[in-house]
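Notes for the structure review
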Amino acid sequence: MAGQCPACPHHLLPISLGLFQGALLLFFALFVTYDEPSAQAEDTNLVANQLYGIFPFFQDIQVMLVVGLGLLLTFLPRYGLSAVTHNFLLLNFSTQWALVLQGLLHHLQHGQVHLDLHNLLTSEFAAVTVLISVGAILGRTSPCQLLVVAACEVPIYLASEWAILTRLGVLDVGGTITIHVFSCYFGLGVSKALFGAARQPVHPNETPTPHSDFLSLLGTLILWVFWPSFVAILCQPGDAQHRAILNTLLAMSASAVTTVVASSLLERDGKLSPGHLQNGSLAGGVVIGAVADMAMPPVAALALGSLSAVACVLGFRFLTPLMARKLTLQDQCGIHNLHGLPGILGAMASAVAILVTSKDTS
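Residues numbered from 1 in each chain as written. Predicted model: local features only at pLDDT ≥ 70, side-chain atom pairs only at ≥ 80, totals over all residues. Heavy atoms only, no water.

Per an unreviewed UniProt entry, the recorded name for the chain is RHAG protein, and the organism is Ciconia maguari. Under the UniProt heading Sequence similarities (unreviewed entry), the note attached to the chain is "Belongs to the ammonium transporter (TC 2.A.49) family. Rh subfamily." The UniProt entry for the chain carries the following comment under Subcellular location (unreviewed entry): "Membrane". (UniProt positions renumbered as here; feature names shortened; annotations may be inferred.)

1. As for the nonpolar core
Counting residues in each nonpolar core, the largest one holds 76 residues, and the members touching the most others are W227, I288 and V291. Sequence-distant contacts of I288, that is, excluding residues within four places in its chain, are made with T176, N247, T248, A251, M296, A301 and L304. Counting residues in hydrophobic clusters, the runner-up holds seven residues, among them V32, L99, V100 and V113. (Core = buried A, V, L, I, M, F, W, Y, C linked by side-chain atoms within 4.5 Å. Buried < 20%, exposed > 50% of the residue type's maximum accessible area, 1.4 Å probe, protein only. Contact = heavy atoms within 4.5 Å.)

2. Let's talk about the pairing of strand 3 (residues 112-115)
With burial as the criterion, only one face of strand 3 is covered, namely that bearing V113 and L115; the residues Q112 and H114 on the opposite face remain uncovered. Two strands pair when backbone bridges link them, and strand 1 (residues 32-34) and strand 3 are joined in this way by three bridges, in the parallel orientation. Bridge pairing links T33 to H114 in strand 3. Sheet topology note: the strand 2 (residues 108-109)/strand 3 ladder contains two bridges and is antiparallel. Paired with L108 across the bridge in strand 3 is V113. (Helix = DSSP H or I, 4+ residues; strand = E, 2+ residues; numbered from the N terminus. Pairing = 2+ DSSP bridges.)

3. A closer look at unusual backbone geometry
For T328, which is not glycine, the phi torsion reads 45 degrees and is therefore positive. Mapping T328 onto the fold places it in the loop between helix 10 (298-326) and helix 11 (335-356). The exposure class of T328 is buried, given its relative accessible area of 17%.

4. Regarding helix 11
A rise of 1.5 Å per residue sets the reference length of helix 11, with its 22 residues, at 32 Å; its end C-alpha atoms lie 31 Å apart and thus fit the reference within 8%. Here helix 11 has its buried residues at I335, H336, N337, L338, H339, G340, P342, G343, G346, A349, S350 and A353. Each element contacted by the buried residues of helix 11 is listed here: helix 4 (117-133), helix 6 (176-195), helix 9 (274-288) and helix 10. (Expected span 1.5 Å × (residues − 1).)

5. Digging into the packing of aromatic side chains
Scanning the entire structure with this criterion turns up eight aromatic pairs. Plain terms: the ring middles of F27 and F31 are 5.4 Å apart, the flat faces sit at 45 degrees to each other, and that makes the pair tilted. Here F27 pairs with F31, and both are found in helix 1 (residues 12-31), just four residues apart, close to one helical turn. By relative accessible area, which is 12% here, F27 ends up buried. An angle of 20 degrees between the planes, with centres 6.2 Å apart, marks the rings of F55 and F58 as stacked. Linking F55 with F58, this pair stays in helix 2 (residues 41-72), spanning three residues, or about one helical turn. Of the aromatic side chains, those joined through ring pairs into one cluster are F27, F28 and F31. Just above the ring of F318 sits the side chain of R317; from NZ or CZ to the centre is 5.5 Å. (Phe/Tyr/Trp six-rings, centres within 6.5 Å; stacked < 30°, edge-to-face > 60°. Lys NZ or Arg CZ within 6 Å of the ring centre and 35° of its normal.)

As C-alpha cells, this is what we get:
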C-alpha cells in the first residue's frame, strides 16, 4: 500500500546496483566503442544533419520520461517523492541494461559494439515499457522488486519487439503495440502474480489529495506537450514525420476535449474527475502511434482521439472496479485504461488503415 511498501534488506539495493554498474563499466571497457569519425565532408555533413534532426526530439522524450511521467505518478499523496525517485532510477537502470542486450544481439561487429544516439534512443524505448508496467504495482513494491521486474521485462520486450516488427512485419512507428500494449499486459501480469491471491483493500494513503492531483496533472500537461516527438522521432524525415506530428496533435487535442465531455457526463455531480483528465487526455497519443505516419485523412486522427478518450474514461469508471472485483487484479495507475484499451484500438485502426489504403500508396 502507498507509503508502506516492503523495504529491501539494508544493503541489498546499493550492493546490487553497485555490482550492476561495475559489470557495465567492464562491459563498456571491453566491447563498446564509437564509430570512427569520417574524413569525407559529405559523410560529416550527413552525420551532422542526422544529429540535428534527431536530438531535439530526443531531448523532448527525456523531459517526458524524467519530468512528465515522474510527476504523473505523484497522485498517491504519501508516495510522490518515491514515485519520482523510482521512476528516475528505473529509467537509467533499464536503459543501460537494454544497451547491453541490444549491443550483444544487434550491434556486435568484430567483437565491438558500435554505440550511437539511435541505439540509446531504442534502449530508452525499452525502458519506457518498464516505467509503464510498474504503474500497475505503484506504491506496493520495494525498489529491489522494481529492479527485478525491470531486469526481467527488458529482454522479454526486446524479443517481443523483434517478433512483432521483424518477423510479422507490423507497422508501429509510435509504439502503440510494441510499447503500450506490451507494457500494459506485462504490468498487469506482474500485479496478478504478486497480489492476485486476495483482493487488496484500499488504504487511506491511496486517496489523492488536491495537491497530489495538481502535481499529477502537471505531469500530464508536460507529457501532452512533448508527446508528438515520441511518436515522430523514428519516422522518415519529411512528409511521414510531418504527417505523424500533425496526426498526433489532432488526436491528442480531440482526446483532451472528449475526456472533459465523457467525465462530466459520467460523474454524478457533473464535475470533472482529475483522474480521468490526467489519463484520458493522453489516450490520443497512445492510439495514434500505430497509424501516425500513414496516409489517412485528418478526421481519422480526430475520431481515433475521441474514441480512445471514451474508452479510457469508461475503463476507469466501469472496467477497473470490475477487474478488481472479479479477477482480484490491482491496477494502481489504471495502465489498462490509458495504455491497454487505446493500444488495442490503435492496433485495430492500423489494420483497417492498411486494408483500405490503395496499393499505389507507399
